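Listed here are the chains, written in short residue letters.
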Amino acid sequence: MSTGTAVVNPVLRVAPAAPAAAAAYFRASLVFHADVSDVAAALAADGDPGFVVLDSRSTEAWDQGHIPGAVHLPTALVPEQAEQLLDKNVPVVTYCWGPGCNGATRSALALAELGYQVKEMLGGFEYWAREGFAFETWEGAERRDADPLTAPVGAENCGC
């Protein structure tokens, strides 16, 4: 005998948003975030990508590995040094270590408060390296094999 109370699984316990609200939310997310693969593709394409990449980590982290061509500006120094290193007419894509670090978010906030257009690169340096993209260290250029949990082996992109 049914008691009349349907059991709802944890995924649907809170109903999905209406399609228009979901579209607005996901559009807003793309306004604020960039994907590692998309950043890499834009940097690898011929010509100016239309943005600058900013590494917001410490000098020790920068020396360990960073995206080629990135500007190094630790988060704490953004308010005093951004205008010397960055053009307010060029959007900035910030990154830090990875998903467990909010340094890129804090840098993006500081830059936005200074009047810069800014996005945060999701995944940070961790996913840059894990997806097999080249990076620079204090010893020179380096590249690791793509981690099959983050990028398809042997493919140019994830197809997302």
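Just above sits the structure.
Note that the coordinates shown come from a computational prediction; the quantities given were computed from them, not determined experimentally.

A. Up close: the pattern of salt bridges. A complete count under the given rule lists five salt bridges for this structure. Its salt-bridge partner being arginine 130, residue aspartate 147 comes within 2.7 Å of it at the nearest N-O pair. With aspartate 147 in the segment after strand S7 (140-142) and arginine 130 in helix H6 (residues 124-130), this residue pair connects regions lying 17 residues apart in the sequence. Overlapping salt bridges, with partners in common, bring together Glu126, Arg130 and Asp147 in one network.

B. A look at the environment of valine 71. Relative to the helices and strands, valine 71 resides in strand S3 (residues 71-72). As a C-alpha pair, valine 71 and valine 14 span 57 residues in sequence and 42 Å in three-dimensional space. Valine 71 has contacts with Val52, Val53, Leu54, Asp55, Trp62, Leu85 and Leu86, leaving out every residue within four places of it along the chain.

C. Inspection of the environment of leucine 114 at higher detail. By the secondary structure assignment, leucine 114 is in the loop between helix H5 (103-113) and strand S5 (118-122). Judged by relative accessible area, leucine 114 falls into the partly exposed class, the value being 25%. If near-sequence neighbours (up to four positions away) are discounted, leucine 114 is found in contact with Val78, Pro79, Ala82 and Lys88.

D. Examining the nonpolar core more closely. Residues Val39, Val53, Ile67, Tyr95, Met121 and Trp128 are the most contacted members of the largest nonpolar core, which totals 17 residues. Listed by contribution, the elements that provide at least two residues to this core are helix H2 (36-44), strand S4 (92-95) and H6. Those residues within four positions of tyrosine 95 in sequence are excluded, and the remaining contacts are Val53, Leu54, Asp55, Ser56, Arg57, His66, Ile67, Ala70, Ala104, Met121, Gly124 and Phe125. Counting residues in each nonpolar core, the second largest holds 13 residues, with Val71, Val78, Ala82 and Val118 among its members.

E. Quick peek at a nonpolar patch on the surface. A surface patch of nonpolar side chains, about 280 Å² in accessible area, is lined by Val8, Val11 and Leu12. In this structure, valine 11 sits in the segment before helix H1 (19-32).

F. Highlighting the side chain of serine 107. Looking at the element boundaries, serine 107 is found in helix H5. Excluding anything up to four places from it in sequence, serine 107 contacts Ser56, Thr75, Val78 and Thr94.

G. Local environment of H5. Looking at H5, one finds that the buried residues are Gly103, Ala104, Ser107, Ala108, Ala110 and Leu111. For H5, the angular spread of buried residues about the axis comes to 165°, placing them on one side. The positive-phi residue at the C-terminal boundary of H5 is glycine 115, with phi of around 100°.

H. Summary view of the sheet that holds S3. Judged by pairing direction, the sheet is parallel, and its five strands sit side by side in the order S1-S5-S4-S2-S3 without closing on themselves. Each edge of the sheet is formed by a strand with only one pairing partner; in this case those strands are strand S1 (33-35) and S3. Contacts between H2 and the sheet are confined to S1, strand S2 (52-55), S4 and S5, with S1 contributing the most and set at about 75° to the helix.

The rules behind each value
Residues numbered from 1 in each chain as written. Predicted model: local features only at pLDDT ≥ 70, side-chain atom pairs only at ≥ 80, totals over all residues. Heavy atoms only, no water. Salt bridge = Lys/Arg side-chain N within 4 Å of Asp/Glu carboxyl O. Helix = DSSP H or I, 4+ residues; strand = E, 2+ residues; numbered from the N terminus. Contact = heavy atoms within 4.5 Å. Buried < 20%, exposed > 50% of the residue type's maximum accessible area, 1.4 Å probe, protein only. Core = buried A, V, L, I, M, F, W, Y, C linked by side-chain atoms within 4.5 Å. Patch = residues over 30% accessible without salt bridge, like charges linked within 9 Å, V, L, I, M, F, W, Y side chains within 5 Å. Areas by Shrake-Rupley, 256 points an atom, 1.4 Å probe, with all protein chains shown as cover. Arc of directions from axis to C-beta. Pairing = 2+ DSSP bridges. Axes fitted to C-alpha atoms, helices over the stretch in contact; angles between N-to-C directions.

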